[in-house]
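Okay, here's what each chain looks like letter by letter:
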Amino acid sequence: GDNRATSKASSDLVAYKNVNDVPPARDLMIQIDQKNEAVLLPIYGSMVPFHVSTIRTVSSQQDTNRTCYIRIIFNVPGSAFNPHDSNSLKHQGATYLKEVSFRSKDPRHISEVVQLIKTLRRHVMARESERAERAT
Amino acid sequence: MTDGLQFNNIFLGGRGGTNPGHLKISSGGILWKKQGGGKAVEVDRADIVGVTWMKVPRTNQLSVLIKGGPWYKFTGFRDQDLSTLTNFFQSHGITPEEKQLSVSGRNWGEVDLNGNMLTFLVGSKQAFEVSLADVSQTQMQGKNDVILEFHVDDTTGANEKDSLMELSFHIPNNNTQYIGDENRP
């Protein structure tokens, strides 16, 4: 790989380098790892990390039974705010995970998760665009 | 050496989360019993099609593929258990394969279908696996998106706090893995 920070596109961001860097699954619930800029999703008993830069939007909804739903939409090429660029051409032939939704009985936890993802995402995006600007 | 290996504190993973239990592997097959009773999984040697190893955060996972059926995933093996188990399986004519876990956090890769397991691979490493047996509905959205809706899991074994309801994949036009739709789940 290339380590030139200035040429690092957001799609080059990596959540973890080693398997053992991933925090242990305490409870099987959505977790945010601020330090590694990762969102960990419980899928079939495992915590699956996604770098926050892969996330486009996050939203939540609550029904009458206090059941909460959280929906995470990821960046995919060709969508309105993410047109085909050098990155999508680089990953030609790839399949993208586009969306996941989870159900939860804990509305407080879900609204906290939504806020944390939004804040973390804003931070990372601001840093990356600043970095890109400095590079030009 | 007695016929068989036993391990305590082995977690059986699945749709609703994980449960700890006791695992016994013998020449007859595999038996896992949930701690405190309840659920048990019994697999006959003749039904085992293959086994794979994977390093997961701080521990190891053994996957067992059953003829025409599901995968069982057991987690909680120490590094030193690997060689013991590998030798045991090999002496019974099964060669464990090694898989690698992707932790890069990327959302692009490829989808691999094997039996009723759907694996999302990132850079040829496994990011996650789901069972199509738990999918209640699949839908196409537009020309490029496939949505998988999962059953609501109400079993008593479910212990996860947040439950997966839906997944969707985006397959760009330039994807050459799926020509036509007959291979889609």
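Everything discussed here concerns the structure shown above.
Residues numbered from 1 in each chain as written. Chains lettered and ligands numbered in written order. Predicted model: local features only at pLDDT ≥ 70, side-chain atom pairs only at ≥ 80, totals over all residues.

Details of the environment of Ser91 of chain B
Here comes step 1: In this fold, Ser91 of chain B is placed in helix 1 (residues 79-91).
Here comes step 2: Spatially, the C-alpha atom of Ser91 of chain B lies 9.3 Å from that of Ser27 of chain B, the residues being 64 residues apart in sequence. (Helix = DSSP H or I, 4+ residues; strand = E, 2+ residues; numbered from the N terminus.)

So, the environment of Ala25 of chain A
Residues and elements named next belong to chain A.
Here comes step 1: Along the chain, Ala25 turns up in the segment before strand 1 (31-33).
Here comes step 2: C-beta crowding within 10 Å serves as the criterion here: with 21 such atoms nearby, Ala25 is assigned to the buried category.
Here comes step 3: Residues Ala25 and Met47 lie 22 residues apart in sequence; the distance between their C-alpha atoms is 6.2 Å. (Buried ≥ 20, exposed ≤ 12 C-beta atoms within 10 Å, placed from the backbone.)

Side note on the sheet that holds strand 1 of chain A
Residues and elements named next belong to chain A.
Here comes step 1: Ordered in space as 1-2-3, the 3 strands form an open sheet in which the pairing is antiparallel. Looking along the sheet, the strands with just one partner apiece sit at the ends: strand 1 and strand 3 (46-51). In this sheet, neighbouring strand axes are inclined to one another by 30° on average, regardless of whether the strands run parallel or antiparallel.
Here comes step 2: Note: strand 2 (residues 38-43) against strand 3, 6 bridges, orientation antiparallel. Across the sheet, Val39 pairs through a bridge with Phe50, a residue of strand 3. (Pairing = 2+ DSSP bridges. Axes fitted to C-alpha atoms, helices over the stretch in contact; angles between N-to-C directions.)

Some words on unusual backbone geometry
Here comes step 1: Its identity is not glycine, yet Tyr44 of chain A carries a phi of approximately 55°, on the positive side.
Here comes step 2: You can see Tyr44 of chain A is positioned in the loop between strand 2 and strand 3.
Here comes step 3: For Tyr44 of chain A, a count of 22 C-beta atoms within 10 Å corresponds to the buried category.
Here comes step 4: Of note, the phi angle at Ser124 of chain B is positive, near 65°, even though the residue is not glycine.
Here comes step 5: Its location among the elements puts Ser124 of chain B in the loop between strand 10 (117-122) and strand 11 (125-131).

Points about the sheet that holds strand 4 (residues 40-44) of chain B
Residues and elements named next belong to chain B.
Here comes step 1: Spatial ordering of the open sheet is given by 4-3-2-1-7-6-5-8, a layout of 8 strands whose pairing is mixed. The outermost strands of the open sheet, each flanked by one partner alone, are strand 4 and strand 8 (97-99). Recorded for the sheet is a direction-independent mean angle of 30° between the axes of neighbouring strands.
Here comes step 2: Examined bridge by bridge, strand 1 (residues 5-14) and strand 2 (residues 17-26) share 8 bridges and lie antiparallel to one another. Paired with Leu12 across the bridge in strand 2 is Asn19.

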